[in-house]
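An overview of the molecular structure
Residue strings, one per chain:
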Amino acid sequence: MFQFVQQTWTVWSYLIFGGLTTLINLLVFYSFYTWNHWMGYQVATFWAWFLSVIFAYVTNKIFVFDSHQTSQAGVWRELGSFFFFRILSYFLDVIIVTIGIGWLHGNSLIVKLIDNVVVVITNYIFSKVFIFKQK
């Protein structure tokens, strides 16, 4: 059993920290959009994305993918790659909330929850394959 957990730790830790990242994303979105309708869902989505990406980079680097990149050039490459792929998933995020909330007038919290599931899966693939790939 311990060996199974050890072998699948990357997936489990990504799910744990992905869940926390999703929680941050939802709380920021909820507080900016649902509590204060002065901010549109697009702006609330941006701030939720931005703050959760910062949290995700730190936790993914340290706890999930155990990146030992220490050179300044390597860290900047890794950070740039991380933000590049998160920008791609941000566009996916915007498309989902625009369709779900803007066009279909769905419940903002349910749409955002579904959106986060899709984005977390997409980001795991980006991180595993492109950003924190093992040498």
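Note that this is a predicted model, so its numbers are computed, not measured. (Residues numbered from 1 in each chain as written. Predicted model: local features only at pLDDT ≥ 70, side-chain atom pairs only at ≥ 80, totals over all residues. Heavy atoms only, no water.)

A look at the overall build of the protein
Looking only at helices and strands, the protein features five helices and zero strands. When the helices and strands of the protein are listed from N to C terminus, the series reads α-α-α-α-α. For the protein, whose C-alpha radius of gyration is 16 Å, the value lies close to the compact-globule estimate of 14 Å for 135 residues. With respect to the principal axes defined by its C-alpha atoms, the protein has extents near 45 × 40 × 20 Å. Counting over 135 residues, the protein shows a buried share of 41%. Contacts in the protein between residues far apart in sequence, at least 24 positions, make up 70% of those at least 6 positions apart. Averaged over its 7 positive side-chain charges, the protein has a centre that lies 8 Å from the centre of its 4 negative ones. (Helix = DSSP H or I, 4+ residues; strand = E, 2+ residues; numbered from the N terminus. Rg over C-alpha atoms; globule rule 2.2 N^0.38 Å. Buried < 20%, exposed > 50% of the residue type's maximum accessible area, 1.4 Å probe, protein only. Contact = heavy atoms within 4.5 Å. Lys, Arg positive; Asp, Glu negative; His and termini not counted. Charge placed at Lys NZ, Arg CZ, Asp CG, Glu CD.)

Some remarks on the pattern of salt bridges
Tallying each qualifying case throughout the model produces three salt bridges. K61 is paired through a salt bridge with E78; the nearest N and O atoms lie 2.7 Å apart. With K61 in helix α3 (residues 41-64) and E78 in helix α4 (residues 72-103), the pair connects residues that are 17 residues apart, well separated along the chain. Classification of K61 as buried rests on a relative accessible area of 13%. Between K112 and D115 there is a salt bridge whose closest N-O contact spans 3.2 Å. (Salt bridge = Lys/Arg side-chain N within 4 Å of Asp/Glu carboxyl O.)

Examining the nonpolar core
Ranked by internal contacts, the top residues of the largest apolar core, which has 16 residues, are Y14, V64, F65, F82, I131 and F132. Mapped by element, the contributors of at least two residues to this core are α2 (9-34), α3, α4 and α5 (108-131). Looking at this core, the element that brings in the most residues is α3, giving five residues. In this view, I131 contacts R77, E78, S81, F82, F85, R86 and F126; residues no more than four positions away in its chain are not counted. If you look at the next biggest cluster of nonpolar residues, it comprises 11 residues, including M39, Y41, I96 and V97. (Core = buried A, V, L, I, M, F, W, Y, C linked by side-chain atoms within 4.5 Å.)

Structural notes on the packing of α2 against α5
Helices that pack against each other are described as a pair by the angle of their axes relative to one another and the distance between those axes. It is at 10 Å that the axes of α2 and α5 come closest, and there the two elements cross at 140 degrees. The element α2 and its partner α5 pack so that their crossing is right-handed. Contacts between α2 and α5 pair T10, V11, Y14, G18, T22, N25, L26, F29, Y30, Y33 and T34 from the former with S108, L109, K112, L113, N116, V120, N123, Y124 and K128 from the latter. In the contact of α2 with α5, the residues fall into 10 nonpolar, eight polar and two charged. (Axes fitted to C-alpha atoms, helices over the stretch in contact; angles between N-to-C directions. Left-handed = near helix turned anticlockwise from the far one by under 90°. Nonpolar A, V, L, I, M, F, W, Y, C, P; charged D, E, K, R; others polar.)

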